[in-house]
Amino acid sequence: MPTPPLPPFTAETAAEKVRAAENAWNSQDPARVALAYTPDSNWRNRTEFLQGRNAITAFLTRKWSREHEYRLVKELWGFRVNRMAVRFAYEWHDDAGQWFRSYGNELWEFDDDGLMRRRVASINDLPIAETDRKLLWSGTQRPLDYPSLSELGL
């Protein structure tokens, strides 16, 4: 089933696709997030290599069981036809209460139905004080008027 917006992307549709991905990830619903990927999608996330929706769902379930109060912002860096480069930052704390801001870049490739068939993510974690947090909203979506990564200086 097609998942719009579909390639080839324009500046507007690429930005829509990035925001839809951000909203899905902020839901912290592994099954919902996995539906945006092809059944045989290939991932590299840090040093983990995954293939397929079941592996993606299991990975995200593990991830969000240890990353508490997760808040993510994604920003389009560039695109062409069916590929995008995205940068992101997210904040979370571990079981001990230590806060982190994780920074990263992703490379995405989509099939003709708008499903992501390849995701390559490089991520670094920075311990921060709770008072240094910048991603402060309630609910499962960043409000439309909330600043972007660039506006936040991230």
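You'll find the structure just up there.
This write-up is about the structure you can find in this document. Starting afresh in each chain, residues are numbered from 1 along the sequence in its written order. Reporting in this predicted model follows two pLDDT cut-offs: at least 70 for local features of residues, and 80 or more for side-chain atom pairs to be given and counted; totals over whole chains, interfaces and linings ignore these cut-offs and use all residues. In computing side-chain values, all of the structure's heavy atoms are included and hydrogens and water are not.

## As for the overall build of the protein
Helices and strands together make up the secondary structure of the protein, namely four helices and six strands. Where helices and strands are cited, they refer to DSSP runs of H or I of at least four residues and of E of at least two residues respectively, numbered from the N terminus. Going from the N terminus to the C terminus, the protein shows its helices and strands as α-α-β-β-α-β-β-β-β-α. Only the C-alpha atoms count toward the radius of gyration. The rule for a globule is 2.2 Å times the residue count to the power 0.38. Radius of gyration (C-alpha) of the protein: 15 Å, near the 15 Å computed for a compact globule of 154 residues. When the backbone C-alpha atoms are referred to their principal axes, the protein occupies close to 45 × 30 × 25 Å. Among the 154 residues that make up the protein, the fraction classed as buried is 49%. Should any heavy atoms of two residues lie within 4.5 Å, those residues are considered in contact. Restricting the contact set of the protein to residue pairs at least 6 apart, pairs at least 24 apart contribute 56%. The cut-offs for exposure are 20% and 50% of the maximum accessible area for each residue type, with area from a 1.4 Å probe on protein chains only; residues under the lower value are buried, those over the upper are exposed, and the others partly exposed.

## Quick look at the pattern of salt bridges
The term salt bridge refers to a pairing of a side-chain nitrogen on Lys or Arg with a carboxyl oxygen on Asp or Glu at a separation within 4 Å. Overall, the coordinates contain twelve salt bridges when judged by the stated rule. Glu-22 is the salt-bridge partner of Arg-19, the closest N and O atoms lying 3.7 Å from each other. Taken as a pair, Arg-19 and Glu-22 lie in helix α1 (residues 11-27) at a separation of three residues, close to a single helical turn. According to the relative accessible area criterion, Arg-19 is buried, its value standing at 18%. By relative accessible area, which is 0% here, Glu-22 ends up buried.

## Some details on the sheet that holds strand β1 (residues 37-45)
Strands pair in a sheet through their backbones, by hydrogen bonds, and they do so in one of two ways: parallel or antiparallel. Pairing between strands is defined by DSSP: at least two bridges between the two strands are required. Strand order in the open sheet made by the six strands is β2-β1-β6-β5-β4-β3, with mixed pairing throughout. Strands at the two margins of the open sheet, each flanked by one partner only, are β2 (48-51) and β3 (68-80). The average angle at which neighbouring strand axes cross in this sheet is 20 degrees, direction not considered. Pairing geometry for β1 and strand β6 (residues 116-128), over five bridges, is parallel. Considered in β6, the bridge of Trp-43 is made with Arg-119. Here the axes come from fitting lines to C-alpha atoms, over the contacting stretch only for helices, and the angles between their N-to-C directions go from 0 to 180 degrees. Across the sheet, α1 touches β1, β3, β4 (83-93), β5 (99-110) and β6, and the angle it forms with β3 is around 160 degrees. With respect to the sheet, helix α3 (residues 53-66) is in contact with β1, β2, β3 and β4, its orientation differing from that of β1 by roughly 50 degrees.

## Here we look at the nonpolar core
Throughout, nonpolar core names a set of buried Ala, Val, Leu, Ile, Met, Phe, Trp, Tyr and Cys residues whose side chains join them through atoms within 4.5 Å. With 28 residues, the main nonpolar core has Trp-25, Trp-43, Leu-60, Met-84 and Trp-108 as its most contacted residues. Elements with a minimum of two residues in this core: α1, α2 (30-34), β1, α3, β3, β4, β5 and β6. Those residues in contact with Trp-43, other than ones at most four positions away along the chain, are Trp-25, Tyr-37, Glu-48, Phe-49, Leu-50, Ile-56, Phe-59, Leu-60 and Arg-119. One finds Trp-137, Tyr-146, Leu-149 and Leu-152 within the second-largest nonpolar core, a separate group that totals eight residues.

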